[in-house]
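Overview (structure and organization)
As a plain string of letters, each chain reads:
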Amino acid sequence: MNGQQAKELFRGPMVSVATPFHDDYSLDIPTLKRNIRFMVDRGVRTGNGVLLVAAAGGEFPMLNNEERKAVMAASVEAAAGEVPVAASIQLIPTHEVVELANYAHSVGVQLGQLSAPYYYPPTAGDVYQLFKTVSEESELPIMVYANWWVTPAMNAEMCERLAALPNVVALKWSASDIGEYSRGLAQFADRLALIDNQGPFVWGHMLGTVGFITHQSNFWPEYPGLVWELLEAKRYEQVIA
């Protein structure tokens, strides 16, 4: 998959899917599947949405690797090919990121969200080497998560280096101010599927975003769906209203 193909597939509201638990903190997989079907049946489908599972909105720091794998497999099964499934592959040990990326690809996850290593402040070299290793050792398409507020090295300069890696096809973008946000969109719009993680949906769409992060679709899929429909029709005043 290349960036142009990613733009066609990963379009619309990218839903950070909630991970449900039982009272004893074990995964509630049946409820996860029901919620995914609720979203698909109410319009979160290819071209009009993407499911992002086991990410921050899905409690990934609270899940062990086997639980994350279970969430990935169950989500792909519930989506039934009607909507693309992306998943967080963020971890600290590089070899475990690679293992999780390969598992995700094997069960049908179509995009892996990856940020810089966390806890220990990484250097620019650390960040680049992580992405390079994952790109070389797995076939999973990668979405760079530019979480600059945690890792200053996750800036436009770093994203430029990462965009040259073979499996990098998407960028979840935000920046410290609207000027940097705008420059980044202009810089990457021709090469990567840009997902807005900042909030100015109209301005982002005008500059080339193909989707935006949302949590609302977990319980009200129609609202982000309508926003996306209006954006695609370039009815920007109605989006603002």
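Data block above holds the structure.
None of these values were measured; they are calculated from a predicted model.

**Here we look at the overall build of the protein**
The helix and strand inventory of the protein stands at 10 helices and 8 strands. Pairs at least 24 apart in sequence give 69% of the contacts found in the protein among residues at least 6 apart. Carbon together with sulfur atoms contributes 54% to the accessible area of the protein, which is approximately 10600 Å² in total. Both charge centroids of the protein, one from 16 positive and one from 26 negative side chains, sit 5 Å from each other.

**Thoughts on the pairing of strand β1 (residues 12–16)**
Judged by how many residues are buried, β1 sits mostly within the fold: 5 of 5 residues are covered. Taken together, the 4 bridges between β1 and strand β8 (residues 211–214) define a ladder with parallel strand orientation. Its bridge partner being in β8, P13 is matched across the sheet by F212. For β1 and strand β2 (residues 50–53), the ladder comprises 3 bridges, and the chain directions are parallel. Looking at β2, one finds that S16 is bridged to L52.

**Here's the deal with the nonpolar core**
Of all hydrophobic cores here, the largest spans 58 residues; its most connected members are L51, I89, F131, V134, L171 and W173. Take this core: its biggest share by element is 6 residues, from helix α3 (residues 65–79). The contact partners of V134, leaving out residues within four places of it in the chain, are I89, V97, V98, A101, L114 and I142. Formed by 16 residues, the second largest nonpolar core is a distinct cluster that contains F10, A170, I195 and I213.

**Details of helix α5 (residues 124–137)**
An ideal rise of 1.5 Å per residue puts 20 Å on 14 residues; α5 measures up with 20 Å between its terminal C-alpha atoms. On the buried face of α5, the contacting elements are α4 (94–107), β4 (111–114), β5 (142–145) and α6 (156–163).

**Observations concerning the packing of aromatic side chains**
For the coordinates displayed, the defined rule picks out 7 aromatic pairs. On the basis of an interplanar angle of 85 degrees and a centroid distance of 4.9 Å, the ring pair of Y119 and Y120 is categorised as edge-to-face. You'll find Y119 and Y120 in the same group, each marked exposed. When the ring of W220 is compared with that of Y223, the centres are 4.9 Å apart and the planes differ by 25 degrees; the resulting orientation is stacked.

**Observations concerning the pattern of salt bridges**
In this structure the tally under the stated criterion is 11 salt bridges. R11 serves as the salt-bridge partner of E232, at 2.9 Å between the closest nitrogen and oxygen. Taken together, the positions of E232 in helix α9 (residues 222–232) and R11 in the loop between α1 (3–9) and β1 put the pair 221 residues apart, joining distant regions of the chain. The class for R11 is buried, based on a relative accessible area of 18%.

What counts and what doesn't
- Each chain has its residues counted from 1, following the order in which its sequence is written.
- For this predicted model, a pLDDT threshold of at least 70 governs which residues receive local features, and a threshold of 80 or more governs which side-chain atom pairs are given and counted, while totals over whole chains, interfaces and linings are taken from all residues.
- Neither water nor hydrogens contribute to the side-chain values; these are computed over all heavy atoms in the structure.
- Secondary structure elements are defined from DSSP: runs of H or I of at least 4 residues count as helices, runs of E of at least 2 residues count as strands, and each element is numbered from the N terminus.
- Contact between two residues is taken to exist if any of their heavy atoms lie within 4.5 Å; hydrogens are not considered.
- Computed by Shrake-Rupley with a 1.4 Å probe, the accessible areas treat only the displayed protein chains as cover when residues are assessed.
- Think of it this way: Lys and Arg go in the positive column, Asp and Glu in the negative one, and His and the chain ends go nowhere.
- Charge coordinates come from a single atom per side chain, which is NZ of Lys, CZ of Arg, CG of Asp or CD of Glu.
- Burial classification: accessible surface area is computed with a 1.4 Å probe over protein chains only, and a residue below 20% of its type maximum counts as buried, one above 50% as exposed, and the rest as partly exposed.
- When DSSP locates at least two bridges between a pair of strands, those strands are taken to pair.
- Buried Ala, Val, Leu, Ile, Met, Phe, Trp, Tyr and Cys residues form a nonpolar core when they are joined through side-chain atoms within 4.5 Å.
- Expected helix span is taken as 1.5 Å per residue step, with the number of steps being one fewer than the number of residues.
- For Phe, Tyr and Trp, rings pair up if their centres lie within 6.5 Å, where Trp contributes its six-membered ring, and each pair is then called stacked (planes under 30 degrees apart), edge-to-face (over 60) or tilted (otherwise).
- By salt bridge we mean one thing: a side-chain nitrogen of Lys or Arg within 4 Å of a carboxyl oxygen of Asp or Glu.

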